[in-house]
Amino acid sequence: MTSFSDIIGHKDIISHMKEAIASHKISHCYILSGPKLSGKMMLSEAFAASLVCENYHDEPCHSCHSCKQAEGHNHPDIIYVTHEKPNVITVGEIRQQLIDTVSIRPYSAPYKIYIVEDAQMLNLQAQNALLKTIEEPPEYAVIMLLTTNPQAFLPTILSRGLMLHLHPVSSEVISDYLINNMHISPSMADICVSFSQGNVGSAISLASSSDFEHLRQEVVMVAENITQMDEFELLSAIRHIKDYNLKMSDYFDLLAVWYRDVLLYKATADANNVIFKDNIYTIKSQSSHIDYSGLNDIIEALGKAKIRLEANVNPEITVEMLLWLIKHTIN
């Protein structure tokens, strides 16, 4: 079971939640806003478990019956609202799982907590139906709306919920966690941190992904040897990309990080801020062989390649055109 002490970053939200628990000043509706994997569910579950804990701590005690039920996701007073369709939560689902049951008092805890993940998927009818409950909730009800897009909510819901924005966690905090807890190399930690953009869950997912590590190795191989690769080798490298369970855009993003490293080193001659630190000698060499105009052309081409992917242009052709441009720009 998640405790507040297990959560990386978000100290301001944790402090607010702990203070609310200690003072018994619990809002009836919380809106947790942040990107996917940013920690919204972990915060909500730690908060809910603390509210039902029989020992009344500002952290779950992990030993009482309620905490054990919360850990097993079977506490009767912590309700996870689910939906069948992938992109919408219907009015029927919100009525059946929340509105029609909220008037029933908690079974064993002082609070009854509803956790609505992907709440931005609530359609207009579902939001309107939910609004009355948010406006006139029972004293024991706590509704937690987890969203990646709070602008999808009606203004009346936004005005009645307590908004908690999950801000990006510092690179240093995430990097320390990946190195010390997941035991990955500092270089790989830097790459995961760069990709995650302050999203702890995303960084952990990348650090745990063998596909991502293999893709990184593939990118490094191409970036280091592209000037010596013939057409057959380039096409072979392109086909390998499809072997990994990742988006093609991840390949472009890794290449973009590589050439930004080259540009950064060319401008500063400082290796400390380079992400691909394990490959600094190649990056240093390339920085002396590619002029600023060529590097800007490569980085611009990477951006255009991602746009082509979003427009459903054939991915193999897109990558082939990109790699040939890079090869001839360097040469």
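To start, this report covers the structure provided alongside it. These figures come from a predicted structure and were not determined experimentally.

Some points on the packing of aromatic side chains
Between two aromatic rings, the relevant description is the distance of the centres plus the angle of the planes. Across all of its chains, the model carries four aromatic pairs by this definition. Measuring from centroid to centroid gives 5.2 Å for Y30 and F47, while their planes differ by 80°, and the two rings are edge-to-face. Taken together, the positions of Y30 in strand β1 (residues 29–33) and F47 in helix α2 (residues 40–52) put the pair 17 residues apart, joining distant regions of the chain. In terms of burial, Y30 and F47 fall into one category: buried. Both rings, one in F195 and one in F212, keep their centres 5.2 Å apart while their planes meet at 70°; by these two values the pair is edge-to-face. Separated by 17 residues along the polypeptide, F195 in helix α8 (residues 186–196) and F212 in helix α10 (residues 210–225) bring together distant segments of the chain. Here F195 matches F212 in class, with each residue buried. Geometry around Y292 places K266 over its ring, the cationic atom sitting 5.3 Å from the centre.

Considering the pattern of salt bridges
One pass over the full model with this rule turns up seven salt bridges. Between E136 and K132 there is a salt bridge, and its shortest N-O distance comes to 3.6 Å. Comparing E136 with K132 shows no difference in burial state: the two are exposed. Salt-bridge contacts for E213 lead to R216; the nearest nitrogen and oxygen are separated by 2.9 Å. Linking E213 with R216, this pair stays in helix α10, spanning three residues, or about one helical turn. The class of E213 is partly exposed, set by a relative accessible area of 22%.

With respect to the layout of surface pockets
There is about 390 Å³ of room inside the second largest pocket. Lining the second largest pocket are 21 residues, and of these L37, S38, G39, K40 and M42 sit closest to its centre.

Structural notes on the packing of helix α12 (residues 248–268) against helix α15 (residues 315–330)
Contact geometry of α12 with α15 gives a least axis separation of 11 Å together with a crossing angle of 15°. In terms of orientation, α12 and α15 fall into the roughly parallel class. Crossing angle aside, the handedness with which α12 passes α15 is left-handed. Taken together, the residues of α15 that come into contact with α12 (itself represented by M248, Y251, F252, L255 and Y259) are P315, T318, V319, L322, L323, I326 and I330. For the contact of α12 with α15, the per-class residue count stands at eleven nonpolar, one polar and no charged.

Focus on the sheet that holds strand β4 (residues 141–147)
Read across the open sheet, the five strands follow the order β2-β3-β4-β1-β5; overall the sheet is parallel. At either end of the open sheet lies a strand with only one pairing partner, and these are β2 (78–81) and β5 (162–165). Pairwise comparison of adjacent strand axes, ignoring direction, gives a mean angle of 20° for this sheet. Here four bridges tie β1 to β5, and the two strands are oriented parallel to one another.

Re helix α5 (residues 124–135)
Working note: α-helix, 3.6 residues per turn, so residues spaced by three or four point in the same direction. Along its twelve residues, α5 runs 16 Å from first to last C-alpha, staying within 8% of the 16 Å computed at 1.5 Å per residue. What α5 keeps buried is the set A126, Q127, A129, L130, L131, T133 and I134. Buried residues along α5 sit in contact with β1, α4 (91–99), β4 and α6 (155–160).

Some thoughts on the environment of V219
Following the sequence through the fold, V219 ends up in helix α10. The spatial distance from the C-alpha of V219 to the C-alpha of Y251 is 7.0 Å, given a sequence separation of 32 residues. Sequence-distant contacts of V219, that is, excluding residues within four places in its chain, are made with Y251, L254 and L255.

Rules and cut-offs
Note on numbering: residues in each chain are counted from 1, in written sequence order. The predicted nature of this model means local features are confined to residues of pLDDT at least 70 and side-chain atom pairs, given and counted, to a pLDDT of 80 or more, with totals for whole chains, interfaces and linings taken over all residues. To obtain the side-chain values, all non-hydrogen atoms of the structure were included, while hydrogens and water were left out. Aromatic rings from Phe, Tyr and Trp, taking only the six-membered ring of Trp, are treated as a pair when their centres fall within 6.5 Å; an angle between ring planes under 30 degrees marks them as stacked, one over 60 as edge-to-face, and anything in between as tilted. Each helix corresponds to a stretch of at least 4 residues labelled H or I by DSSP, and each strand to a stretch of at least 2 residues labelled E; elements are numbered beginning at the N terminus. Type-normalised accessible area, obtained with a 1.4 Å probe on protein chains alone, sets the label of each residue: buried when under 20%, exposed when over 50%, and partly exposed for intermediate values. Charge-over-ring contacts are defined here by two conditions on Lys NZ or Arg CZ: a distance within 6 Å of the ring centre and an angle within 35 degrees of the ring normal. In what follows, salt bridge is the name for a side-chain nitrogen of Lys or Arg lying within 4 Å of a carboxyl oxygen of Asp or Glu. Using only the protein atoms, space was sampled on a 1 Å grid; points where a 1.4 Å probe fits but cannot get out form cavities, open sets with protein on both sides within 12 Å along at least five of seven lines form pockets, and lining residues are those with an atom within 4 Å of a point. Grid points are joined across faces, edges and corners, and a volume is the space filled by probe spheres set on the points. Here, axes are lines fitted to C-alpha atoms. For helices the fit covers the stretch in contact, and angles between N-to-C directions go from 0 to 180 degrees. Orientation categories follow fixed angle ranges, with anything under 35 degrees roughly parallel, anything over 145 roughly antiparallel, 65 to 115 roughly perpendicular, and all other angles oblique. Handedness of each helix crossing follows the sense of rotation of the near helix against the far helix: counterclockwise by less than a right angle gives left-handed, clockwise gives right-handed. Throughout, a contact is declared for two residues whenever any of their heavy atoms are within 4.5 Å. Gly is placed with the polar residues, together with every amino acid not listed as nonpolar (Ala, Val, Leu, Ile, Met, Phe, Trp, Tyr, Cys and Pro) or charged (Asp, Glu, Lys and Arg). When DSSP finds at least two bridges between two strands, those strands are taken to pair. Helix span, as expected, comes to 1.5 Å for every residue beyond the first.

The values reported here are purely geometric and, on their own, carry no functional implication.
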